[in-house]
There are 2 protein chains.
Amino acid sequence: MLRAIVKPHEALSRLRQNLLDPLVKKNVTISDIATQANVSKSTVSRVLNDTTPVHEDKRKAVLAAMKKMNFEPNVFARGLASGQSYTIGVVTQNFGSPIYDAISQGVVTGLADTTYSPIFADGQWQPDIGEAVVQTLIGRKVDGLIVIGSSLESSVLDRLKKTIPTVLVGWEVEGWEKQCLFIDNEQAARNATQHLIELGHTQIAHITGIATHQDSMRRLWGYRRALTAAGIEIDEDLIFEGRFDGNSGVLGVESFLMRGKRFTALFASNDATAFGARLALYRRGIRVPEDVSIVGFDNQSEAAFTTPPLTTVRQPAQEMGIAAAEVLLNLLHKKEFTVPKLETELVIRESTRLRGNP
Amino acid sequence: MLRAIVKPHEALSRLRQNLLDPLVKKNVTISDIATQANVSKSTVSRVLNDTTPVHEDKRKAVLAAMKKMNFEPNVFARGLASGQSYTIGVVTQNFGSPIYDAISQGVVTGLADTTYSPIFADGQWQPDIGEAVVQTLIGRKVDGLIVIGSSLESSVLDRLKKTIPTVLVGWEVEGWEKQCLFIDNEQAARNATQHLIELGHTQIAHITGIATHQDSMRRLWGYRRALTAAGIEIDEDLIFEGRFDGNSGVLGVESFLMRGKRFTALFASNDATAFGARLALYRRGIRVPEDVSIVGFDNQSEAAFTTPPLTTVRQPAQEMGIAAAEVLLNLLHKKEFTVPKLETELVIRESTRLRGNP
DNA sequence: CACAGCAGTGAAACCGGTTTCAATTAATTA
DNA sequence: TAATTAATTGAAACCGGTTTCACTGCTGTG
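Residues numbered from 1 in each chain as written. Chains lettered and ligands numbered in written order. Predicted model: local features only at pLDDT ≥ 70, side-chain atom pairs only at ≥ 80, totals over all residues. Heavy atoms only, no water.

## With respect to the protein's contact with DNA strand D
Going by this rule: If even one non-hydrogen atom of a residue comes within 4 Å of a molecule or strand, that residue is called near it. Whenever two N or O atoms come within 3.5 Å, that pair is a polar contact, provided that in protein one can donate a hydrogen and the other can accept it, and provided that, for residues adjacent in sequence, both atoms are side-chain atoms. Put simply, DSSP H or I for four residues or longer makes a helix, DSSP E for two residues or longer makes a strand, and each gets a number counted from the N terminus. Three categories are distinguished: nonpolar for Ala, Val, Leu, Ile, Met, Phe, Trp, Tyr, Cys and Pro, charged for Asp, Glu, Lys and Arg, and polar for the others, with Gly belonging to the last.
Near DNA strand D there are 30 residues, and of these T43(A), R46(A), H55(A), I30(B) and S45(B) occur at the shortest range. Restricting the count to atoms of DNA strand D within 4 Å of the protein gives a sugar and phosphate share of 54%. Taking R46(A), its side chain carries an N or O atom lying 2.6 Å from a base oxygen of DNA strand D. Between N49(B) and DNA strand D, the recorded distance is 2.7 Å, taken from a side-chain N or O atom to a phosphate oxygen. Of all the elements in the fold, those that place two or more residues in the surface near DNA strand D are α3 (41–49) and α5 (75–82) of chain A together with α1 (8–20), α3 (41–49) and α5 (75–82) of chain B. A per-class count over the surface near DNA strand D returns twelve nonpolar, 13 polar and five charged.

Spelled out as structure tokens, the structure:
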């Protein structure tokens, strides 16, 4: 016994819609499916979300109808009713920086084939912009947040923690152990410096990143620790405060040279800085690696093609992004999980070699 | 005469909500504002959207109430009712490529301070992925689309054209003149090659990008035109098919050298390729620019710090992104506008110089 | 002075889903 | 075989806005 369950007003509204705009492909709604499959809206919704058991026959009928009519649930209706948006907000420290872009790309990969989509926002290196941007994302009802780089102040973080599931990538924050992905910058920097020491260098310069930036501080710290551990006295004049960009590399080297500081090796806080440093040396006719060895950090794609190819620390950026997506997904589904340990790797290329005669 | 307009069920539901979850900051809705300002929901909505004139007194009352209660309209409810999402979908050719990232960044900038937010998706260089990704975005009810790079097939484009306001950036498509932003790749390539010719070079090699890619074809074409115009015969053996990456640069140069082809200058289809080429020359002990001059394309940030700094064609990537956002906004608001003309610029640095003795 | 026209407004329908609640039916237990 | 329990299911409320429609005063016109 078939029944045609059509509410008077629903039929009317659909009719009117079609009359007014006959060219528009009418949107298939859950009600259409219900009619087609001869069940109620409720049942269709149940099949859709798998919340309550539905008799196999009906389930099949519903699925068939959905397929046949090419049904796609309306995200707004769904969001309004359920409160979920299936959207993840991603705040990046800076759009266009190789390392943050790579992490972002990882997030995209990690979210592919899930029901969630990322929506990106750029913190532009400024915590207050970051805060505003988070606000916008929350206004857009994102289900979760991934914050790349130390783009927020701790007060904002505290608030976030009780507001919305959040994962931090690329920086370590106390109290966030379960939802925080980062590499051991200090150890990595130590390894990098150690590599130079093992090659016989003792006069090793360092150009830092943005001084207040966590990565920068830890890399500087690792550099110091390596030197100290090797019994090499730290010369503060061989440390230059940079800003993570090519220009800092140029300025740093210029500064050392103008002050007559001697050094046979240089550890740069990131690859961009290393590129700049390499250029400054080139300008002075100082050879790499014959006269000065250089180590960078990040292993951005260009590092393999500089002259000479740059020895650098590889960050598993892509993997971090993927892992961040996974952790957040687990958080959202309240599943148990452990935060993966992320390892860096020193990629030895041709910008470093045994120290020659001083 | 004040009236307390509170629907029984609304009051009840709010009460229950608060009882159940007293810690949760209850969401302020349009009804709350209506009650507070002593008007109807309709009026609040009118103030919110400025659709129908509202008496000044009431408007003020409503605005005051909204401010006082810190009201933010629910995007889902709004989207469901109005059909607008205030979201722009951005499909990029490839996440992580400097040039596309820069355009994306421009879009972000262009959309800042508007009511629209971008939501990004990565086409991963593959048209079919691009298509899927567009589908997802449409499923998310984006109000408009920005497609960066030639990431879609023309059949898909045709469909898009009648479905949703779309702007194309970084590629030219017939029939899309009013909503298409691109640079004159051919002219730019011609200028770049011309620059080499003016420096006295006649044996000028070229490494292309992905052969089927529009940018690549046009740059190749510009290269040919410049040579022909200068009366230089084109040597097909001096053209190598690359893939827009560093490795292509290495392979290209290796290929020329192994076949004993002589050249004193090289035009690379992009900077990444130029970097690779420069490395290959370095490996062979061939100097730049003394023995070989190199010109790249894109002016990505690293180009200024290579040894020597790379002469290259600057693309106004950021500006293109900004312009794309503007054009789309105008499209959405059905405003008149003209598509801005975007100019490239040859940035002459130190990788090119007068040809020495052959 | 009667009537058309317009600014302003509230009630209620509507957008398209989810979820609660009660009812129906089938299966299980005593 | 009667009573109880579990599995399914539909009706209706609800999410929070927008928009249509009808109605109230006022103003302008003849």
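## Observations concerning the relation of the copies chain B and chain A
One chain copy maps onto the other through a rotation about an axis and a shift parallel to that axis. For clarity, the threshold we go by: Fitting of the copies onto one another was done by least squares over C-alpha atoms, counting residues only where both copies have pLDDT of at least 70. The contact definition used throughout considers only heavy atoms, calling two residues in contact when any of these lie within 4.5 Å.
Overlay of chain B on chain A (RMSD 0.2 Å): rotation 180 degrees, translation along the axis 0.1 Å. Such a combination of turn and shift is consistent with a two-fold rotation axis. Comparing interface residues between copies, 100% of those in chain B also sit at the interface in chain A, which points to an isologous, same-surface contact.

## Let's talk about the environment of N270(B)
All names here are of chain B. By the secondary structure assignment, N270 is in the loop between β8 (265–268) and α12 (271–283). A C-alpha to C-alpha distance of 13 Å links N270 and V347, two positions 77 residues apart in sequence. Those residues in contact with N270 that sit more than four places away from it in its chain are R219, F244, G296, F297 and D298. Only 3.0 Å separates the side chain of N270 from the backbone oxygen of F244, close enough to count as a polar contact.

## Digging into the packing of aromatic side chains
Here a ring pair, both rings aromatic, is described through the centre-centre distance and the interplanar angle of the planes. All names here are of chain A. As a reminder, the rule being used: Each Phe, Tyr or Trp ring, with Trp reduced to its six-membered ring, pairs with another whose centre is within 6.5 Å; inter-plane angles below 30 degrees give stacked pairs, above 60 give edge-to-face pairs, and intermediate values give tilted ones. Only protein chains enter the accessibility calculation, which uses a 1.4 Å probe. A residue is then buried if its area is under 20% of the maximum for its type, exposed if over 50%, and partly exposed in between.
Going through the model one piece at a time under the given rule, you end up with twelve aromatic pairs over all chains. Here the aromatic rings of F240 and F256 are separated by 6.4 Å at their centres, their planes lie at 80 degrees, and the arrangement is edge-to-face. Here F256 lies in helix α11 (residues 246–258) and F240 lies in strand β7 (residues 239–240), a separation of 16 residues in the sequence. A relative accessible area of 18% places F240 in the buried class.

## Topic: the nonpolar core
Generally speaking, nonpolar side chains in soluble globular proteins are found buried as a group. Inclusion rule: Nonpolar cores are built from buried Ala, Val, Leu, Ile, Met, Phe, Trp, Tyr and Cys residues. Side-chain atoms within 4.5 Å join them into one set.
Residues I146(A), V169(A), I146(B), V169(B), F263(B) and L266(B) are the most contacted members of the largest nonpolar core, which totals 138 residues. The contact partners of L266(B), leaving out residues within four places of it in the chain, are L196(B), I204(B), A205(B), H206(B), I207(B), V253(B), F256(B), A277(B), V292(B), S293(B), I294(B) and V295(B). Listed in part, the 38 residues of the second largest apolar core include L137(A), L152(A), L145(B) and V156(B).

## Focus on the protein's contact with DNA strand C
Around DNA strand C sit 31 residues, and of these I30(A), S45(A), T43(B), R46(B) and P53(B) come closest. Near the protein, meaning within 4 Å, the atoms of DNA strand C are sugar or phosphate in a fraction of 56%, with bases accounting for the rest. One of the side-chain nitrogen or oxygen atoms of R78(A) is found 3.2 Å away from a phosphate oxygen of DNA strand C. A distance of 2.5 Å is found between a phosphate oxygen of DNA strand C and a side-chain nitrogen or oxygen belonging to T43(B). Contributions of two or more residues to the surface near DNA strand C are made by α1 (8–20), α3 and α5 of chain A together with α3 and α5 of chain B. Residue composition of the surface near DNA strand C, grouped by class: twelve nonpolar, 13 polar and six charged.

## Observations concerning the confidence of the model for chain A
This is how it is decided: Think of pLDDT as the predictor's per-residue confidence, scored from 0 to 100.
Across chain A, the average pLDDT comes to 90, with 92% of residues at or above 70. Taken together, the stretch residues 1–24 of chain A has pLDDT below 50 and engages in twelve contacts with residues farther than four places along the chain or on a different chain.

## Looking at the domain arrangement of chain A
When the parts of a complex come together, some accessible area is lost, and that lost area is often used as the size of the interface. The following threshold applies: Where each domain begins and ends follows an automated or database-derived domain assignment.
Examined at the domain level, chain A breaks down into domain 1 (8–73), domain 2 (86–183 + 317–345) and domain 3 (185–314). One C-alpha centre belongs to domain 1 of chain A, the other to domain 2 of chain A, and the line joining them spans 36 Å.

## Details of the pattern of salt bridges
Definition in use: When a carboxyl oxygen of Asp or Glu lies within 4 Å of a side-chain nitrogen of Lys or Arg, that pair is called a salt bridge.
Tallied over the full model, the rule gives 28 salt bridges over all chains. The residue E350(B) makes a salt bridge to R283(A) at a minimum N-O spacing of 2.3 Å. With E350(B) in the segment after β11 (345–347) and R283(A) in helix α12 (residues 271–283), this pair bridges two chains. A relative accessible area of 35% means that E350(B) is categorised as partly exposed. Ionic pairing is found between D237(B) and R259(B), a salt bridge with its closest N-O pair at 3.9 Å. Note that D237(B) is positioned in the loop between α10 (214–229) and β7 (239–240) and R259(B) in the loop between α11 (246–258) and β8, a separation of 22 residues in sequence. For D237(B), a relative accessible area of 37% translates into the label partly exposed.

## Some remarks on the sheet that holds strand β3 (residues 144–148) of chain B
All names here are of chain B. In plain terms, the rule: DSSP calls a pair of strands paired once it identifies at least 2 bridges connecting them. Helix axes are fitted to C-alpha atoms over the stretch in contact, other axes to C-alpha atoms as well, and angles between N-to-C directions run from 0 to 180 degrees.
On the basis of which strands lie adjacent, the open sheet formed by five strands has the order β2-β1-β3-β4-β5 and parallel pairing. What marks the edges here is a single partner per strand, and that holds for β2 (117–122) and β5 (180–181). Two elements, strand β1 (residues 87–92) and β3, share five bridges in a ladder whose sense is parallel. Looking across to β3, one finds that G89 is bridged to L145. Packing of helix α6 (residues 98–111) onto the sheet brings it into contact with β1, β2, β3 and β4 (166–169), and relative to β2 it is tilted by some 160 degrees.

## Side note on the interface of chain B and chain A
Put simply, the rule is: By definition, the buried area sums, over both parts, the 1.4 Å-probe accessible area that each loses when the two are put together.
The interface is formed by 49 residues belonging to chain B together with 50 residues belonging to chain A. Contact between chain B and chain A buries roughly 3900 Å² in total, counting both sides, with carbon and sulfur atoms accounting for 62%. If you look at where chain B meets chain A, you find two salt bridges. When its residues are assigned to classes, the side of chain B that touches chain A shows 21 nonpolar, 19 polar and nine charged.

## Regarding unusual backbone geometry
With an omega of -10 degrees, the peptide bond running from T307(A) to P308(A) counts as cis. With respect to the helices and strands, the residue P308(A) is situated in the loop between β9 (293–298) and β10 (311–314). V288(B) connects to P289(B) through a cis peptide bond whose omega is 5 degrees. Assignment of secondary structure puts P289(B) in the loop between α12 and β9 (293–298). The residue W125(A) is not glycine, and still its phi comes out positive at about 65 degrees. Topologically, W125(A) is positioned in the loop between β2 (117–122) and α7 (127–139). Taking relative accessible area as the criterion, W125(A) reaches 31% and is therefore assigned partly exposed. The phi dihedral of D50(B) falls on the positive side, at around 60 degrees, and the residue is not glycine.

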